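The chain contents come next:
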Amino acid sequence: MIARELSGVEPRPGVAKPDPVLTADGVRRRFGGLVAVDVEHLEVQRSSITALIGPNGAGKSTFFNVLSGFDRPDGGSWSFDGTAISGWRAHRIARRGMVRSFQLPKALAKLSVLDNMKLGAPRQSGERLATALLPGRWRSQERTVELQAIELLSRFGLGDQRDDYAGTLSGGQRKLLEMARALMAQPDMVLLDEPMAGVNPVLVQTLLEHMKGIREIGVTVLFVEHDMDVVMGISDWVVCMGVGKVIAEGTPAAIGANPAVIDAYLGTTHDEAGFGEAETADD
Amino acid sequence: MSSAFQDAIAAGLGVQAAAFALAAVGLNLQFGYTGLLNFGLVAFLMVGAYGTAITVNEGGPLWLGVLVGIAASVGLGLVFGLPTLRLRADYLAIVTITAGETLRIIINAGGQNSFTQGPFGIQQFANSFFKINPFPTGTYGPGRVSFSESDLWVMTVTWALVALFSLAVYRLVRSPWGRVIKAIREDEDAARSLGKNVFAYKLQSLCLGGVMAGCAGIMLALSQQNVSPTYYLPAFTFFIYTIVILGGPGSVWGPIIGAAAFWFLIQFTAGVLTDAIGSGWIPSSLLSTDEVLTFRYVLVGLGLIALVVWRPQGIAGNREELLIDDR
Amino acid sequence: MAVLEPHPNGTDDPAFAPDATVVVDDVSVWFGQKVALSELSCSFGPGVTGLLGPNGAGKTTLMRALTGLIPVNQGNVRIEGSDPRRERAVHARMALVPEDEAVPAGLTARQFVRYIADLHQLPDRAAPDDALRTVGMLDAADRRVDTFSKGMRQRTKVAAALVKDPHVLVLDEPLNGADPVQRVNLITLFKDLGAQGRTVIVSSHVLSEVERLAERLIVLMHGRLAAAGIAPFMAVPPGTVTFVIFPLVPPSEAGHTTPHTSAFDQIAGLSLDGIELGLIIAMGALGLSLIFGVTGLVNFAQGELVTFGGLAAWWLSTWGPGPGLPLILSGVLAVAAGGLLGCGLELGMFRPLRRRRTGNVALIVVTIGLSLVLSNLYLIMVGGNPLQYAEYVLQTEVGPGPFTLTPKDWTVVATSIVLILITGFLLQRTRYGTALRAVSDNPDLASSSGIAVERVILITWIGGAALAASGGVFLGIATAVSWDMGLEMLLLLFAAVILGGIGTVYGAVLGALLIGIVTQVSTYWINPEAKNAVAFLVLIGVLLVRPQGILGRRERVG
């Protein structure tokens, strides 16, 4: 259904989408003399699975960090589900419904799997200092949260490990945990930063199934990925970044044949040449 | 030997141990549970004590003084925290120790007639506290493990506060609030990505721990009937750190066990060394009885290093949950 | 603070009390070749007079001469007109409370005071209790003196002195070792005794305390009268322009607050003092910055490395029965020893800890423990009083216009500049320097490029500790050495490094100079006891507003 919605959209960088949940304008981030991100315009279709690809150094993770409030841009604005969130702090954006994962999984090793999950639940009265001292005020909510967590864990196949320290999980299991934990907040959008990196092929399939699953319930997924098979197999839309800019957008098929995309990937073997070009272009 | 032992027991139960335990409960919340490297803890004791002393000195009732002292601790937590909690650990350490010292210097620089009375400090402000002492005059306890009625009163109140605040920490740590704190301690960004306002939590921990330390300062000041700037030096903070680490950072019983053990060991060592010097085992050219007191602190330093290197979880701490081990 | 001005000889000379009960007339005392008092003339009257001076100045000798314990070789001493050496009767009206006196073991306070009373065959049976009451020891009178704290023992000794109701009371460093509460009690007691009309003479080395306690101050240096005055003003005999007595008071305060110099002159002078202080701070700050740059460790024991240099040089220069090693040699050896200490710390403590992958927070706590160990060992080894090098103590200031310093201070300035230049040269032009900068920027990259990171770290620790030690030697030359000189300096070191930019060597020097100047010049307006607070506020401000400091790079921070 999403594919149908997007099939009529022209594969051009910065193209408008029929029902965008995230819109970014003029987002710029420099590190010293280096331009890391320079996105003029980008829109992400609601309830789609959109992939963000590009060679290393293209600015994908930095873009993620800026969008989710973990880094301050040098300019630009972006809005989420109609609300302007540029300048918001990371935790506020997360509460608004845009949850992100990290390249290096941040499953909290010193907490149990179940505690990790419970952390994800929003608006817990027991998390406020005054209420925390009175267990009567948060016990019942805690029970509800726990049930929700157990249910999600079993869906993700982690039900048996719920009382283990998250540090004892394998890398792939931690990624699953991160994804499950992100869902505790019932987000509207998830930003996944290389969700498949370092995960064994079997678990990759499981993760992909889950991604499709959350799309079904209306969550938008924007994910960074390097594995082209994965990208082509699951994405509704692909955005390709190079030297900080969006150099191509389109359906997986359109992107696969796009000469600019191929150039960008080939061009990264001549890193200096690529950066040098970008800098002179900026002058 | 037995007298050294008895003195040591008395020290482990006494006013100092109780007050240090109270300060340690506060530091444990800030450092053991939340991972804040607050090196300015002594400043909280100082403002709690001075808040009380100044209020009484200016004519106010003692209960108001205590409230002022507690409010001052909260205020100091805000002053410390609002600008600095975004800094990383070693910078936070430097800023907090410096801020504490600055405050002490400012208090000390006041003249004799300023309201802090400068280097003279303030004395004799706790009479109303001792008036309500329910224990009749006398000494309580067997042999040398005995306390005067005023000491016993102070001990009772202080240990009660220790129990009260420990219970509160126990409750908090097992609550969702505690869960967020644990997450923050391990990885702030992860907590943020889950919608937790990391800064607010750190500030709460700092202020709440600060109030406990402030109460410790108040109790010490009441028992000595004296506040003076030279008492609140950075070394004081480091003794509380030793206590927290000795007892076990991030555990509820840690501060209590740590404080009792710390004072027991300090007193026992002093007693043993003094006896050894007195009976000639240690030549007094090497160490004289006056120097024994200072030598204790050398041992504290060595003990702290040994703890951190070989047993950072202290007596009651949990090795898996340790912050201090992280790279 | 003390104000110095040349005083007119004759009337109202503050060295002489108007209603003198104790008169010292051209007194000289020598022991073999060593002159302890030299042609000293002064007098004491009712009330409290403070006797000040560094160790070896002659205070104790004077006190013992006053009480007749030792003879004078020249001149004479009169107590209420009588010679204490010849006329024993005057002893009944006079009492000495020496600094260190063993109390016979096993006696309670009351027994001890009674024993003293019996020694003097005093008829009044109530005198011991009265004396104990006066010093506030009546409650504890039946406890054994060897169970007392230092302050209580002091008070007991004062009671033993008071029991004969003396007109003249001489107390040798009575506040030494007393905690703040005891200090206040003792000060109040002495003031009361002075108000009763007794002649109370109290010796101390803590100017601020004695200023509050005494109405008059007499200062001794090398057995001579160096200054006298009604506190807080001191008059200086012509010929001594400036001197350093109390390490708590750096030379600047003494030399520059005369009312005849303009504001510009004073501030100029203070700035020059600030530059000297800044260069001294720079020695320790360089080490701190280098060690942080290479290992990422914030060394809270850096101050103790500074103290080490100062104390080592002092010990060497006063070594043995003779005059000890010359100061320059002592200084060089002290710096070398400092380097050795740094080597030992790195090899014995920090390298093994890095191997065990001990975290940053744990390492900071280890340096805290190290600081506790070292500073308290220093306290045990050299005691709580400040100490001075034997040579170069009294000098006159020289220099253009208001920019004057004593020759030894100019030496400090010149030597430290040379050391900084050498360090800069080593960092810029040698392989080690390049390697160090590489390791500071990116240790993993550096080691994979073949740089021996561990060796770079070791050299840095040796160099950093040696520089810190030289800072201690310089500080000792400029003021004095004490067990806590490094502790006091630690936060200034942090201020310098952070202001200049953590991890940058030139930043450390720049920051140190700025901190030194700001701190010293601020004393023109504010109470010198609070001058360090100015530096600290700068530190806090920088960390909040621009944590990378002046020359630092943003990416190294936070």
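Here the structure is shown first, and the text comes after it.
Analysis parameters
- Residues numbered from 1 in each chain as written.
- Chains lettered and ligands numbered in written order.
- Predicted model: local features only at pLDDT ≥ 70, side-chain atom pairs only at ≥ 80, totals over all residues.
- Helix = DSSP H or I, 4+ residues; strand = E, 2+ residues; numbered from the N terminus.
- Buried ≥ 20, exposed ≤ 12 C-beta atoms within 10 Å, placed from the backbone.
- Contact = placed C-beta atoms within 7 Å.
- Pairing = 2+ DSSP bridges.
- Expected span 1.5 Å × (residues − 1).
- Nonpolar A, V, L, I, M, F, W, Y, C, P; charged D, E, K, R; others polar.
- Axes fitted to C-alpha atoms, helices over the stretch in contact; angles between N-to-C directions.
- Parallel < 35°, antiparallel > 145°, perpendicular 65-115°, else oblique.
- Left-handed = near helix turned anticlockwise from the far one by under 90°.

**Structural notes on the environment of Ala183 of chain B**
Point 1. As for its placement among the helices and strands, Ala183 of chain B is situated in helix α8 (residues 176–186).
Point 2. By C-beta crowding, Ala183 of chain B is classed as buried, having 24 other C-beta atoms within 10 Å.
Point 3. Note: C-alpha distance between Ala183 of chain B and Thr34 of chain B (149 residues apart in sequence) is 8.8 Å.
Point 4. Leaving out residues up to four positions away in the same chain, Ala183 of chain B has contacts with Leu108, Leu111 and Leu119 of chain A together with Ala190 and Ala191 of chain B.

**Remarks on the pairing of strand β10 (residues 224–230) of chain C**
Residues and elements named next belong to chain C.
Point 1. Taking burial as the measure, the seven residues of β10 include five buried ones, the bulk of the element.
Point 2. Sheet topology places strand β9 (residues 216–221) next to β10; six bridges connect them, and they run antiparallel. Across the sheet, Arg216 pairs through a bridge with Ile230, a residue of β10.

**Remarks on the interface of chain B and chain A**
Point 1. Facing the 24 residues of chain B at the interface are 28 residues of chain A.
Point 2. Listed by contribution, the elements that provide at least two residues to the side of chain B that touches chain A are α7 (149–173), α8, α9 (188–193) and α10 (198–224) of chain B.

**Section: helix α17 (residues 505–522) of chain C**
Point 1. Spanning 18 residues, α17 of chain C covers 26 Å between terminal C-alpha atoms, matching the ideal 26 Å at 1.5 Å per step.
Point 2. Of all 18 residues that make up α17 of chain C, 14 are buried, and the element is covered over most of its length.

**Focus on the interface of chain C and chain B**
Point 1. Facing the 40 residues of chain C at the interface are 49 residues of chain B.
Point 2. Every element with two or more residues in the side of chain C that touches chain B is listed here: α5 (180–195), α11 (360–382), α16 (485–500) and α18 (531–545) of chain C.
Point 3. With 15 residues, α11 of chain C is the single largest residue contributor to the side of chain C that touches chain B.
Point 4. Taken together, the residues that form the side of chain C that touches chain B break down as 29 nonpolar, nine polar and two charged.

**With respect to the packing of helix α9 (residues 302–317) of chain C against helix α15 (residues 453–478) of chain C**
Residue and element names in this part refer to chain C.
Point 1. In the contact formed by α9 and α15, the axes pass within 7 Å of each other and the chain directions differ by 55 degrees. By the angle between their axes, α9 is oblique relative to α15. The two elements α9 and α15 meet at a crossing, and its hand is right-handed. Mapping the contact onto sequence places Gln302, Leu305, Val306, Thr307, Phe308, Gly309, Gly310, Ala313 and Trp314 in α9 and Ala465, Ala468, Ala469, Ser470, Gly471, Gly472, Val473, Leu475 and Gly476 in α15.

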